[in-house]
Amino acid sequence: MIQFKNENPSVLLVEDDPEQRRLLEAGLDRHGHRVAAVRDARGAIARLTLESFDVVVSDLGLPGMRGDELLRHIRQINQAQPFVMLTGESDVATAVQAVRDGADEYLTKPATVSRVRESILTAINHRSEISQNERVVKYAHFGELRGFLTGVRSLVNSLEAKDEYTKNHSKKVAQIALMMARSLPGISHRQIREIRIGAWLHDIGKIAIPLTILHKDGPLDPEEWEVVKQHTVQGAKIVEPLAKKYPEIQRIVRHEHERWDGKGYPDGIKGNDIPLGSRLIMIADTYDAICSTRPYRKALPKEAALEVIREGAGTQFDPNLVPIFEETYESFPHPE
Ligand SMILES: [Fe+2]
């Protein structure tokens, strides 16, 4: 059962295939949605100048102006418009691009009415998060670090609230990274502060990843995996307002999945080129993941985390930080 917060959202459906258009229009109408169905982008733009819709559901391969061009046109005028892209089987790569360009969801055709309704719900939720996010970023241009962080805190909370298994994850990772950082000789107050904020915001870019991908039950296909990896780049974008005063925070967020041996992402940098904060997060994140219950397994003891981290010294993890982890890990809180 799909439950919308208020009444069923109104839908502008843009589909040139008459059969698919009729099927979706009738199906959505039966579920109580107000639906306007048009066959091309021109028709959609004309409707949108007359009235507003809670969501636009559009085919990508439209004749004339394509669905992605329509999306760009809408985004220029209305950043807050939830948008679901329908695609043919073969253009998933284009669809991934569409998501990066600002679509909230995409669906492969032929789409059933219930799949479309699920996507509408996800798109509306996703867009409201993005809008909230943009407000935070705008606000931060005027405010100080504290103002920015207050706004971003609500984003971290909303990110983690969606998944009970990652609740407090960012806070715990920050705590552990900090405990390790504090025992490093010669570390400055400023570095400690940057590591604390960077660790706390490390996964913030996930807010820009479609929920259908982030919470997918089965394994991710290569295109979806590419989208997930983008959370590092997206995260760096979100903290951009801090970059002038605290460039290190932005670097920490961007590089939190880089590996010591250069096989990480997004840039494949290695060794000491990776910011210290990111190298600490890599260890802290692994520790917290192993010691937390996941949908597919129970929490493991601290010793299991120690073994994995020892084994990864010099490949995944900074070999100079692993001994620091070994010295301090006994005092880490066990997440469970
Ligand atoms: Fe991450």
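What this report covers is the structure whose coordinates are included nearby.

The rules behind each value
Residues numbered from 1 in each chain as written. Predicted model: local features only at pLDDT ≥ 70, side-chain atom pairs only at ≥ 80, totals over all residues. Pairing = 2+ DSSP bridges. Helix = DSSP H or I, 4+ residues; strand = E, 2+ residues; numbered from the N terminus. Axes fitted to C-alpha atoms, helices over the stretch in contact; angles between N-to-C directions. Contact = placed C-beta atoms within 7 Å. Parallel < 35°, antiparallel > 145°, perpendicular 65-115°, else oblique. Left-handed = near helix turned anticlockwise from the far one by under 90°. Buried ≥ 20, exposed ≤ 12 C-beta atoms within 10 Å, placed from the backbone. Core = buried A, V, L, I, M, F, W, Y, C linked by C-beta atoms within 7 Å.

### Some words on the sheet that holds strand 2 (residues 35-38)
Step number 1: A sheet is described by the order of its strands in space; here five strands give the open sequence 2-1-3-4-5, paired in parallel fashion. The sheet is open, and its two edges are formed by strand 2 and strand 5 (105-108), each paired on a single side. When strand polarity is set aside, the average angle formed by the axes of neighbouring strands in this sheet is 15°.
Step number 2: Relative to strand 3 (residues 55-59), strand 1 (residues 11-14) runs parallel, the two being bridged by four bridges. Residue leucine 12 lies in a different strand from strand 3, and its bridge partner there is valine 56.
Step number 3: Where helix 2 (residues 41-50) meets the sheet, its contacts fall on strand 1, strand 2 and strand 3, and the angle it forms with strand 1 comes to roughly 160°.
Step number 4: Sheet contacts for helix 3 (residues 67-77): strand 1, strand 3 and strand 4 (83-87); angle to strand 3, the most-contacted strand, approximately 155°.

### Things to note about the packing of helix 8 (residues 189-200) against helix 12 (residues 247-254)
Step number 1: For the pair helix 8 and helix 12, interaxial distance at closest approach is 9 Å and the crossing angle is 40°. Overall, the two elements helix 8 and helix 12 adopt an arrangement that is oblique. For the crossing formed where helix 8 meets helix 12, the hand is right-handed. Here Glu194, Ile195, Ile197 and Gly198 of helix 8 come into contact with helix 12, specifically with Glu248, Ile249, Ile252 and Val253.

### As for the environment of glutamine 175
Step number 1: As for its position among the elements, glutamine 175 is in helix 7 (residues 169-182).
Step number 2: According to the C-beta neighbour criterion, glutamine 175 is partly exposed, with 18 such atoms within 10 Å.

### Regarding the nonpolar core
Step number 1: Within the largest apolar cluster, 39 residues are counted, with the highest numbers of intra-cluster contacts made by Ala177, Ala199, Leu280, Ile283, Ala284 and Tyr287.
Step number 2: Of all the secondary structure elements, the ones that give two or more residues to this core are helix 7, helix 8, helix 11 (231-238), helix 12, helix 13 (276-290), helix 14 (302-311) and helix 15 (322-328).
Step number 3: With residues up to four places along the chain from it excluded, the contact list for alanine 284 reads Val173, Ile176, Ala177 and Ala199.
Step number 4: The next biggest cluster of nonpolar side chains, apart from the first, holds 32 residues, and it includes Leu24, Val57, Leu62 and Leu71.

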